[in-house]
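Commentary on secondary and tertiary structure
Next come the chains, spelled out residue by residue.
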Amino acid sequence: MAEERACRKEGVQVLWAPWRMHYIEAPKPDGCIFCTATDDPSLRATLVLGVTRYARVLLNKYPYTNGHLLIAPHRHTAQLVDLPEEEFRDLMSLLRHAVAVVETALHPQGLNIGMNLGTCAGAGVVDHLHWHVVPRWLGDTNFMPVVGAVHVLPQHLLESYDRLRPYFASLLESVENESPYSHQR
Ligand SMILES: [Zn+2]
């Protein structure tokens, strides 16, 4: 009961993630970060955890919490309604899989799952829709600024990547040469 009350209180707090200032202030790369994420043969370098026929999942380079995942369709579109049914279903299936992985691997006490469509809704990348899966723990509003100081974050991200990657590995193998987007793999 006490934990439930604490969760309710924590849940409404705004996460303080100062390293995100690097993202906000840094020059934005050319091209779409989702479309180019799989260009690098080393998926670890771009934090891509898994790829399905029509969608991809990657770690957010500027996370709100440890294990903050982004799930995006391969199709470059800002409109959810533009996704053909099959691609939408694949995206949702990958979202569900990502939630299951986070729960199994990281044991969060809660999760924020959401999609921001449009700049005024808070979307950082407005042209390519994506889901956010943000694991939450009691006290994470205080915890991450301590462990996730900017200078240790890259290593922290790779540790998270290595921990989560095995849960998505089978996805990648199963779509080799199968997806119409394989060239983007
Ligand atoms: Zn894109």
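Description of the structure in this document. Here the residue index of a chain counts from 1 through its sequence in written order. With the structure being a predicted model, the display of local features is reserved for residues of pLDDT at least 70 and the display and counting of side-chain atom pairs for 80 or more, all residues being used for whole-chain, interface and lining totals. As a rule here, side-chain values come from all non-hydrogen atoms in the structure, and water together with hydrogens is ignored.

Our next topic: the coordination of the zinc ion. Here a donor is any nitrogen, oxygen or sulfur atom (N, O, S) within 2.8 Å of the metal, with 3.2 Å used for Na, K and Ca; water is not among the atoms considered, so some sites may look incomplete. Looking at the metal site, the zinc ion is ligated by C32 (SG), C35 (SG), H76 (ND1) and H128 (ND1), spaced 2.1 to 2.3 Å from it. Around the zinc ion sit four donor atoms, and with donor-metal-donor angles ranging over 101 to 120° the site reads as tetrahedral. All donors of the zinc ion come from a single chain, and their spacing in sequence reads C-x2-C-x40-H-x51-H. With C35 in helix α3 (residues 33-36) and H128 in the loop between β4 (110-114) and β5 (131-136), the pair connects residues that are 93 residues apart, well separated along the chain. Categorising residues by exposure relies on relative accessible area from a 1.4 Å probe, with only protein chains included: less than 20% of the type maximum marks a residue as buried, more than 50% marks it as exposed, and the intermediate range marks it as partly exposed. Residue class for C35 comes out buried when judged on its relative accessible area of 19%. Every geometry call rests on angle ranges, with four donors termed tetrahedral when all angles are between 85 and 135 degrees, four termed square planar and six termed octahedral when opposite donors are over 155 degrees apart and all others are between 65 and 115, and everything else termed irregular. The helix count covers DSSP runs of H or I at least four residues long, the strand count covers runs of E at least two residues long, and both are numbered beginning at the N terminus.

Now for the pairing of β5. In terms of burial, β5 is a largely internal element, six of the six residues being buried. Criterion used throughout: strands pair if DSSP finds at least two bridges between them. The sheet contact formed by β4 and β5 spans five bridges and is antiparallel. Pairing of G114 across the sheet is with H132, part of β5.

Next up on the list: the pairing of strand β2 (residues 55-59). In terms of residue burial, β2 counts as a mostly covered element, since five of its five residues are buried. Here β2 shows two buried faces, one formed by A55, V57 and L59 and the other by R56 and L58. Linkage of strand β1 (residues 48-51) to β2, two consecutive antiparallel strands, is achieved through a turn of three residues.

As for its position among the elements, C32 is in the loop between α2 (20-25) and α3. For C32, a relative accessible area of 13% corresponds to the buried category. Setting aside chain neighbours within four positions, we find C32 in contact with H76 and H128. The contact criterion used is simple: two residues touch if any of their non-hydrogen atoms lie within 4.5 Å.

Overall, antiparallel pairing links the five strands, which are arranged β1-β2-β3-β5-β4 in an open sheet. Edge positions in the sheet fall to β1 and β4, since each of these pairs with one other strand and no more. For this sheet, the mean inter-axis angle between neighbouring strands, taken without regard to orientation, is 15°. In the sheet, β1 pairs with β2 via three bridges, with the strands oriented antiparallel. Comment: axis = line fitted to C-alpha atoms, over the contacting stretch for helices; angle = value between 0 and 180 degrees taken between N-to-C directions.

Here the focus is helix α4 (residues 85-106). The first and last C-alpha atoms of α4 sit 31 Å apart over 22 residues, in line with the 32 Å expected at 1.5 Å per residue. Those residues of α4 not exposed but buried are E87, D90, L91, L94, L95, A98, V99, V101, V102, A105 and L106. Downstream of α4 by one or two residues, H107 has phi in the positive range, about 50°. In this analysis, the expected span of each helix is defined as 1.5 Å times one less than the number of residues it contains.

Bringing unusual backbone geometry into the picture now. Glycine aside, a negative phi is what most residues show, and trans is what most peptide bonds show. For L47, which is not glycine, the phi dihedral falls at a positive 65°. When you line up the elements, L47 lands in the loop between α3 and β1.

A word on the pattern of salt bridges. Salt bridge criterion: a side-chain nitrogen from Lys or Arg within 4 Å of a carboxyl oxygen from Asp or Glu. Enumeration over the complete set of coordinates arrives at three salt bridges. R44 is paired through a salt bridge with D162; the nearest N and O atoms lie 2.7 Å apart. With R44 in the loop between α3 and β1 and D162 in helix α6 (residues 153-175), this residue pair connects regions lying 118 residues apart in the sequence. Since its relative accessible area comes to 35%, R44 is described here as partly exposed. A salt bridge links E87 to R75, with the shortest nitrogen-to-oxygen separation between them at 2.7 Å. Placement of the pair is E87 in helix α4 and R75 in the loop between β3 (69-73) and α4, with a sequence separation of twelve residues.

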